[in-house]
Structures are given as C-alpha cells and as structure tokens.
Amino acid sequence: MEARARAPGKIILTGEHAVVHGSTAVAASIDLYTYVSLSFPPDSDDGDKLTLQLKDMTLEFSWSVERVKEVLSKLDRQIPSSPVTCSPDAFKLIAVLVEEQNIPEAKFSLAGGVSAFLWLYTSIHGYKPAKAVVTSELPLGSGLGSSAAFCVSLSAALLALSDSVILDFSHQGWLMFGDNELELVNKWAFEGEKIIHGKPSGIDNTVSTYGNMIKFRAGELTRLKSNVPIKMLITNTKVGRNTKALVAGVSERTVRHPNAMAAVFKAVDSISDEVATIIQSPGHDDGAVSEKEEKLGELMQMNQGLLQCMGVSHVSIETVLRTTLEYKLVTKLTGAGGGGCVLTLLPTLLSGTVVDKVIAELEAYGFQCLIAGIGGKGLQVSFNSSS
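Just so you know, these numbers come straight off a predicted model, no measurement behind them. (Residues numbered from 1 in each chain as written. Predicted model: local features only at pLDDT ≥ 70, side-chain atom pairs only at ≥ 80, totals over all residues. Heavy atoms only, no water.)

(A) Region of interest: the pattern of salt bridges. Taken as a whole and assessed by the stated rule, the structure comprises 9 salt bridges. For Lys10, the salt bridge goes to Asp204, with nearest N and O atoms at 3.4 Å. One end of the pair, Lys10, is in strand E1 (residues 2-14); the other, Asp204, is in helix H6 (residues 203-210), with 194 residues separating them in the sequence. Looking at Lys10, the relative accessible area reads 6%, which means it is buried. Across the pair Glu100 and Arg67 runs a salt bridge, and its minimum N-O distance is 2.3 Å. Here Glu100, found in the loop between helix H2 (88-99) and helix H3 (111-125), pairs with Arg67, found in helix H1 (residues 65-72); they are 33 residues apart in sequence, far enough to count as distant. The class of Arg67 is partly exposed, set by a relative accessible area of 26%. (Salt bridge = Lys/Arg side-chain N within 4 Å of Asp/Glu carboxyl O. Helix = DSSP H or I, 4+ residues; strand = E, 2+ residues; numbered from the N terminus. Buried < 20%, exposed > 50% of the residue type's maximum accessible area, 1.4 Å probe, protein only.)

So this is what it looks like as structure tokens:
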C-alpha cells in the first residue's frame, strides 16, 4: 500500500510586515503542490532501511532502522494522535543522524527538512522500514510556503497509513480528510515547521492544510471562503532575502517615525479587511467578477505603495512592477520583500497573448514565472494498493 499526499503552497495577499505590528493580513493557498509518497516494503523483502528521496534534487538520504533505533532509543515513544514538540535533547539526537548523511554544503539548508522528516516519521510510525519520495512544484526558499507544504503532505501521508485516522483505501483519485483528521495533520505539520524555522507563525501550515484563504491578526486565524476565481502570475525574482533583517528594518523605521508608520499600519489593516470582504461576497456573473477584480487590484496597488513606505521593496521587485505596469497590470510583492516573489493579478478577461508577452519579458530578466489559481483546495490524499 502506498499513500500519496499533496499540499499547496501559499501567498500573502495583503498585510505582510504590518501584521507584525497588529494589522490584519490575508493569506491564500495556490494550486502549486508538494507531493509526498510513502510506502512500506513488503514483508517478503528483507529491507531494513528508512529512506527519504528528494526526487527533484536527485538526493536520497537513508538510514538502517537499527541505527535510527540505536540513536533515538532513549526518547519516549510518541502517540500519533497526540502531536508533541521535538525537545532540545531529541533534536540533538536527530542531528546525529542528519550529520551522518554528509549533506553537501550547498544543500545544507535542507538539514531542517531532513530533521523534521525523522521526527515526524519516528513519532508516528516508530522504527520500521519505509520509503518517502518528495516532489514539488514550489520553488524552495522563495516565500511560497514550500517547507509548510512539505510538512503537511508528509504528516498526511504518515497519518494516512497509521491507525490514527480512518480513510477509504479503495477510493479512486484524490480524497479529502475530515475536519478532525485535518486538525491532527495541521498540528503535526506545525511541529515539523518548528524544527525547520524555530518559531513559525503557523500561518503557512494552516493555509496548506485547509486551503482557500485565511485572515489573521494578533495570533488569531479566521478561515475565509473565497467566492472569486482569482489567478495570479507569480514571479520569482530568485533574489534571496534576509527576512529577519527586513522585519527589523520596518521596526526601526517605526521607532524613528511612530506616527507616520502607525498610519501606514492602520491603512494596511483597512485594506486587508476590505480584501476579505470582497473575496467572500457572492456574485459569479462576468460583470460582478470584473468589478471585484478591479477593486482587488486597486487594494493590491495601495498595499504595494505602503510596503514601499516600509522600505521592503527591491530593484528586482521594481523591475517586475515596471514591466507589468506597461500592460496595465497590478503587481505587489508577497512575503518579506527584498526580492523573493511578486504577485501580478491576471483579470479573467485578459487575453492569453498579453500574459505570454509579460512572461517573456520577465523571463528575459532571468526571473521564473508561474501561473497559479488562488484560494483553492488544501490537503488531499490518494492510495495505490498495488504498491
């Protein structure tokens, strides 16, 4: 039996940076997925390996089950239905297993994901041989929630083949989890995210698990149901950014200009609230959709201007803005800024020829372009009984 899970990436539609200062933000899933397939060797095989294969990178990490058991035997046995945080002591022991893999220096950022895999796998399935294969449509480290999508799809595949959830193995095609199962997956995925990021907000894994959109403010998450079919061109500038430094820069500017920045954050809060209202309002005819798209575009434009006020834009982002503006398209950065990814709203009535021209111009700068639907389905799982 093989379980295959897929979980979507995410974008911040409005409110990045301002959310740190008490404003509302809106995040949405995108229909670009990370896939994890999990299978156990048949009893007839004498395989005793635990293997993680990152197919897109042609990397494979493998441990004998006896070695994993030897290193982690001092740890308490976890209960799959009760997610727990990886303790500092457990993290040190897992680090021993990760270091034995001699991950190339250029790929060492993957160590957190490998550690998360070991913690989640042994917590849910203990010490038994298995193979997990990971593929992804999401660029790594670009602010599109790739690590959360990995943790969600991994947790789902692990739980799908455990006794903690009851699913129909005979179901053909993709299957949705029930609310209780989704909650359990989300909690385990959050524990994986903690290993990778230290102190994640929980936003990325929640969007990836449940899909659609969420509004969040001061630690409170509210799930939204989108009634607007939204498409975005996502441009990956491939410019790395230091999120902590960008967040700190906004805070420093707030100290220097408290009144002005308070007004900026208040404006962003209003923008996010209005965006949430627009995407949830009914109306599916072309006229209503076009009107909503126009309003959404105006709010994105305002939010981008305020992000520039915060000092988090970048020459690469401005290049995307300038290029798309020539075609009267609205663009804003998403996430930390300083590079990373940029969103361009693609109106329903926009011709494919225009989109092709925009993409060609952006790719000529060395950027990567992806077209994605916004606010779609979250986590799904499928089964292959012949594996």
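(B) Summary view of the packing of aromatic side chains. Applying the stated criterion to the full structure yields 5 aromatic pairs. On the numbers, 6.3 Å between centres and 55° between planes, the contact of Tyr33 with Tyr35 is tilted. Residue class for Tyr35 comes out buried when judged on its relative accessible area of 12%. Through pairs of rings, three or more aromatic residues link up here, namely Tyr33, Tyr35 and Trp174. Directly above the ring of Tyr33 sits Arg6, whose terminal nitrogen or CZ lies 4.2 Å from the centroid. Between Lys128 and the ring centre of Phe40, over which it is positioned, the NZ or CZ distance is 4.3 Å. (Phe/Tyr/Trp six-rings, centres within 6.5 Å; stacked < 30°, edge-to-face > 60°. Lys NZ or Arg CZ within 6 Å of the ring centre and 35° of its normal.)

(C) Summary view of H2. A rise of 1.5 Å per residue sets the reference length of H2, with its 12 residues, at 16 Å; its end C-alpha atoms lie 16 Å apart and thus fit the reference within 8%. For H2, the complete set of buried residues consists of Ala90, Ile94, Ala95, Leu97 and Val98. Buried residues along H2 cover an arc of 160° about the axis, so they all sit on one side. Exposed residues pointing more than 90 degrees away from the buried face of H2 are listed as Pro88, Asp89, Lys92 and Glu99. The inward-facing, buried residues of H2 abut strand E4 (59-64), H1 and H3. (Expected span 1.5 Å × (residues − 1). Arc of directions from axis to C-beta. Contact = heavy atoms within 4.5 Å.)

(D) Structural detail: the packing of H3 against helix H5 (residues 179-197). One way to put it is that H3 packs onto H5 with a least axis distance of 8 Å and a crossing angle of 145°. The two elements H3 and H5 meet at a crossing, and its hand is right-handed. Of H5, the residues touching H3 (which contributes Gly112, Gly113, Ser115, Ala116, Trp119, Leu120, Ser123 and Ile124) are Trp188, Gly192, Ile195 and Ile196. (Axes fitted to C-alpha atoms, helices over the stretch in contact; angles between N-to-C directions. Left-handed = near helix turned anticlockwise from the far one by under 90°.)

(E) View of the pairing of strand E7 (residues 220-224). Sheet topology note: the strand E6 (residues 213-217)/E7 ladder contains 5 bridges and is antiparallel. Residue pairing in the sheet places Arg217 in a bridge with Glu220 of E7. The antiparallel pairing of E6 with E7 creates a hairpin that spans 2 residues between the two strands, and Ala218 there sits at a positive phi of about 50°. (Pairing = 2+ DSSP bridges.)

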